[in-house]
Amino acid sequence: MKEDKDTWYSQDKKLRSTGELVAGGGTAGAFMTLLYVIIGIAVWGLVGYGLDHLLGASWIRWVGVLIGAFGGVYLIFLHMRQTHQK
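Residues numbered from 1 in each chain as written. Predicted model: local features only at pLDDT ≥ 70, side-chain atom pairs only at ≥ 80, totals over all residues. Heavy atoms only, no water.

Caption draft 1: Region of interest: the overall build of the protein. Within the protein one finds four helices and zero strands. If you list the helices and strands of the protein from N to C, you get α-α-α-α. The long-range share in the protein, meaning contacts at least 24 apart out of those at least 6 apart in sequence, stands at 51%. Roughly 6,900 Å² of accessible area belongs to the protein as shown, and the carbon and sulfur atoms make up 68% of that amount. (Helix = DSSP H or I, 4+ residues; strand = E, 2+ residues; numbered from the N terminus. Contact = heavy atoms within 4.5 Å. Areas by Shrake-Rupley, 256 points an atom, 1.4 Å probe, with all protein chains shown as cover.)

Structure below.
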């Protein structure tokens, strides 16, 4: 069976930054936008979960989740702004 030479990794030889992917839109930009928010929620949610077990206050984990969500959205905003200023 012969493989098609036009695979997704051979079509675009130019490496692009995350900000360019987000600002360029399309599927790659959408996935990067979602990943920023999901990773922010996961990381800061885990930090809040750890602080919750150390301090015994259940509300801290939700503060961590909110910080992660806002942090992810803020990173998207920064990347969009830097790309549009060029």
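Caption draft 2: Representation of a nonpolar patch on the surface within the structure. Taken together, Leu35, Ile39, Val43, Trp44, Val47, Leu51, Leu54, Leu55, Trp59, Val63 and Ile67 make up a surface patch of nonpolar side chains, about 1,100 Å² in accessible area. Only α3 (26-55) and α4 (59-85) provide two or more residues apiece to the nonpolar patch. If one sorts the elements of the nonpolar patch by residue count, α3 sits on top with eight residues. Mapping Ile67 onto the fold places it in helix α4. (Patch = residues over 30% accessible without salt bridge, like charges linked within 9 Å, V, L, I, M, F, W, Y side chains within 5 Å. Salt bridge = Lys/Arg side-chain N within 4 Å of Asp/Glu carboxyl O.)

Caption draft 3: Spatial organisation of α3. With 30 residues, α3 should reach 44 Å at 1.5 Å per residue; the first-to-last C-alpha distance of 43 Å fits that figure. For α3, the complete set of buried residues consists of Gly29, Tyr36, Gly40, Gly45, Gly48 and Asp52. Once α3 ends, the next one or two residues include Gly56, with phi positive near 75°. (Expected span 1.5 Å × (residues − 1). Buried < 20%, exposed > 50% of the residue type's maximum accessible area, 1.4 Å probe, protein only.)

Caption draft 4: Local environment of the environment of Phe77. As for its position among the elements, Phe77 is in helix α4. Taking the C-alpha atoms as reference points, Phe77 and Thr33, 44 residues apart in sequence, are found 9.9 Å from one another.

Caption draft 5: Spatial organisation of the pattern of salt bridges. Applying the stated criterion across every chain, the model contains one salt bridge. In this structure, the salt-bridge partner of Arg61 is Asp52, at a minimum N-O distance of 2.3 Å. Residue Asp52 is classed as buried on the basis of its relative accessible area, which comes to 7%.

Caption draft 6: Region of the structure containing the side chain of Asp52. Topologically, Asp52 is positioned in helix α3. Ignoring sequence-local partners within four residues, the contact set of Asp52 consists of Ala57, Ser58, Ile60 and Arg61.

Caption draft 7: Up close: the confidence of the model for the protein. With 65% of its residues at a pLDDT of 70 or more, the protein shows a mean pLDDT of 78. Of all secondary-structure elements in the protein, the lowest mean pLDDT belongs to helix α1 (residues 8-11), at 52, while α3 reaches the highest, 88. (pLDDT = per-residue confidence, 0-100.)

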